[in-house]
Amino acid sequence: MNNLAITIIQSNLLWENPEGNLEHFDQLLKEVPSGTDLVLFPETFNTGFPVDPLKFAETPDGPTLNWLRTKAQELHAVVCGTMLLNVDGHYHNSLVWMRPDSSYELYHKRHTFAIGGEKEPIESGTESLIVTLNGWKIKPMVCYDIRFPIWARNQYLDGTFDYDLGIFLANFPSSRIFVWDTLLMARAIENQAYFIGVNRIGDDPEGVHYNGDSQVISPKGEVLANTEPDIEAILSYTLDYEKLQIFRSKFPVGRDWDGAVTQTSQIRLDCHVAPQSSAPRNDGRLSIFSDEYYMRQAFKEAELALKAEEIPIGAVVVCNDKIIARAHNQTEMLNDVTAHAEMLAITAAANALGAKYLDECTLYVTLEPCPMCAGALEHAHIGKVVYAAEDPKNGFSKYGNMLHPKTKLVTGVMKEECLALLTDFFKKKR
């Protein structure tokens, strides 16, 4: 397993000035060392906190998300920060996990800070997020979430933990910095995981002062690295995966956690909110995630393609009940005929796992893959393919089974909805 090189950007934030903040971060990012895997910004790094979402919330195709996409490509690293986002008319304080290949994940802050001005129309999120990078499982969260241990709770299943690294991106005031320090250590100790806290510095127009105190915490609660207070700083640190595993094996408290699942248990508890399904898993445990749920996530990607005037096809890749890659058609934006949703999703999934074979993964896609994509899926040894609508003209099945012999195939999930989206798109093009 690879170690993980992270860089924290502790900065002052210009109030209600997205353009000025992005220009300032442009300069700070020049100091990020090469080889960094993950770059972290404070909460609402483009506007400060709190601000009016009706005025400052952007859509997913807005300038800040595009800026994050550009920076990820330039740095060859994942970049992560939060911003006010308008998603189909719903306003969220959204954490963006942007990969170098332009695929990204969103986590909508679960615990909005109403007493601090973060209130309606900003909505609380309902789903936690766990992503993978270089083989590490990472759970990113936002500021006020730190006060709610159940939301940050790690889980243990037959020797495997849900995550290895927890992250909090924050605007945490200096008047409560003792709480910040204490809870970061507590979250690391109780979850047997590394934790990173990224905080801003400076003052906002409401007279609230922020002194930073960004830090990296070991699973034992030790401060491994931290910034000086009230100073803009670039803090880089490499997390050691082997040390984490040695500590977990020497002090195996995970198996004694409430709700921990061992080989004698049958059902795994999961904080990820999703529709329930009674479909049994191959290992005999009950899965709370259905093919329809994951196809719904692929459909959301197709809708993003539609907004970008691309052919509306979307895809997600799932591994161990977690979405590790999302993508949609980007042939027009990238000026690349191979930039199909499936191709981009395969690349993103391989990068997330740090492996070229996806034999334990499932691809969900809204339209039957073409022969090019089917060939890529065959080479990737994908474990399972689920597609919604058939493509009699361009689909791979007209040429026989082009997938790997061990690949399972399911068709017709959400067929009508996905087909309707495509049909409406081509009608309007005519």
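Source: prediction; values computed, not measured.

### Quick word on the overall build of the protein
Point 1. Helix and strand content of the protein: 10 helices and 21 strands.
Point 2. Rg of the C-alpha trace for the protein: 22 Å, near the compact-globule value of 22 Å for 430 residues, within the 12% margin.
Point 3. If one aligns the C-alpha atoms of the protein with their principal axes, the spans along those axes are about 65 × 55 × 40 Å.
Point 4. Residue pairs at least 24 apart in sequence account for 66% of intrachain contacts in the protein once pairs closer than 6 positions are excluded.

### Considering the sheet that holds strand β19 (residues 361–367)
Point 1. Taking strand neighbours across the sheet as the criterion, the 5 strands line up as β18-β17-β19-β20-β21 in an open arrangement whose pairing is mixed. This sheet does not close on itself; its edge strands, each paired only once, are β18 (322–328) and β21 (408–411). For this sheet the average axis-to-axis angle between neighbouring strands, irrespective of direction, equals 15 degrees.
Point 2. For β19 and strand β20 (residues 384–389), the ladder comprises 5 bridges, and the chain directions are parallel. Opposite Thr362, over in β20, you have Lys384 as the bridge partner.
Point 3. Sheet strands in contact with helix α8 (residues 341–353) are β17 (314–319), β18 and β19, and its direction is about 145 degrees off that of β18.

### A short note on the pairing of strand β1 (residues 4–10)
Point 1. Of all 7 residues in β1, 7 are buried, a share of seventy percent or more.
Point 2. Residues of β1 alternate between two faces, with Leu4, Ile6, Ile8 and Gln10 on one and Ala5, Thr7 and Ile9 on the opposite face, all of them buried.
Point 3. Judged from the 3 bridges that link them, β1 and strand β2 (residues 38–40) form a sheet pairing that is parallel. Across the sheet, residue Ile6 finds its bridge partner in β2, namely Leu38.
Point 4. For the segment spanning β1, helix α1 (residues 18–28) and β2, crossover handedness is right-handed.

### Brief notes about α1
Point 1. Taken together, the buried positions of α1 are occupied by Gly20, Asn21, Leu22, Phe25 and Leu28.
Point 2. Buried residues along α1 sit in contact with β1, α3 (63–75) and β16 (233–239).

### What about unusual backbone geometry?
Point 1. Here the bond from Phe49 into Pro50 is cis, since omega is -15 degrees, no more than 30 degrees from zero.
Point 2. By secondary structure assignment, the location of Pro50 is in the loop between β2 and α2 (53–56).
Point 3. The linkage connecting Glu120 with the following residue, Pro121, adopts the cis geometry, with an omega of 10 degrees.
Point 4. Relative to the assigned elements, Pro121 resides in the loop between β5 (104–108) and β6 (131–133).
Point 5. Here the phi dihedral of Asp88 falls at roughly 55 degrees; this positive angle occurs in a residue that is not glycine.
Point 6. When you line up the elements, Asp88 lands in the loop between β3 (78–87) and β4 (90–98).
Point 7. A relative accessible area of 53% places Asp88 in the exposed class.
Point 8. In this structure, Ser102 is a non-glycine residue whose phi angle is positive, near 80 degrees.
Point 9. Structurally, Ser102 is set in the loop between β4 and β5.

### Comments concerning the packing of aromatic side chains
Point 1. Under the counting rule described, the total for this entry stands at 19 aromatic pairs.
Point 2. With a centroid separation of 5.9 Å and 35 degrees between ring planes, the pair formed by Phe45 and Trp67 is classed as tilted. Residue Phe45 is found in the loop between β2 and α2, and its partner Trp67 is found in helix α3; the two are separated by 22 residues along the sequence. Of the two residues, Phe45 and Trp67, neither departs from the other in class, the shared state being buried.
Point 3. Three or more aromatic residues link up through ring pairs in this structure, and these residues are Phe25, Phe41, Phe45 and Trp67.
Point 4. Positioned over the ring face of Trp151 is Arg110, at 5.6 Å from the centre of the ring.

### A look at the packing of α8 against helix α9 (residues 371–379)
Point 1. Contact pair α8 / α9: the axes reach a minimum separation of 9 Å and the direction vectors enclose 20 degrees. With respect to each other, α8 and α9 are oriented roughly parallel. Crossing angle aside, the handedness with which α8 passes α9 is left-handed. Contacts from Glu342, Met343 and Ile346 of α8 reach α9 at Met372, Cys373, Ala376 and Leu377.
Point 2. Across the contact of α8 with α9, the residue classes tally to 6 nonpolar, no polar and 1 charged.

The rules behind each value
Residues numbered from 1 in each chain as written. Predicted model: local features only at pLDDT ≥ 70, side-chain atom pairs only at ≥ 80, totals over all residues. Heavy atoms only, no water. Helix = DSSP H or I, 4+ residues; strand = E, 2+ residues; numbered from the N terminus. Rg over C-alpha atoms; globule rule 2.2 N^0.38 Å. Contact = heavy atoms within 4.5 Å. Pairing = 2+ DSSP bridges. Axes fitted to C-alpha atoms, helices over the stretch in contact; angles between N-to-C directions. Buried < 20%, exposed > 50% of the residue type's maximum accessible area, 1.4 Å probe, protein only. Right-handed = clockwise from strand over helix to strand, strands pointing away. Phe/Tyr/Trp six-rings, centres within 6.5 Å; stacked < 30°, edge-to-face > 60°. Lys NZ or Arg CZ within 6 Å of the ring centre and 35° of its normal. Parallel < 35°, antiparallel > 145°, perpendicular 65-115°, else oblique. Left-handed = near helix turned anticlockwise from the far one by under 90°. Nonpolar A, V, L, I, M, F, W, Y, C, P; charged D, E, K, R; others polar.

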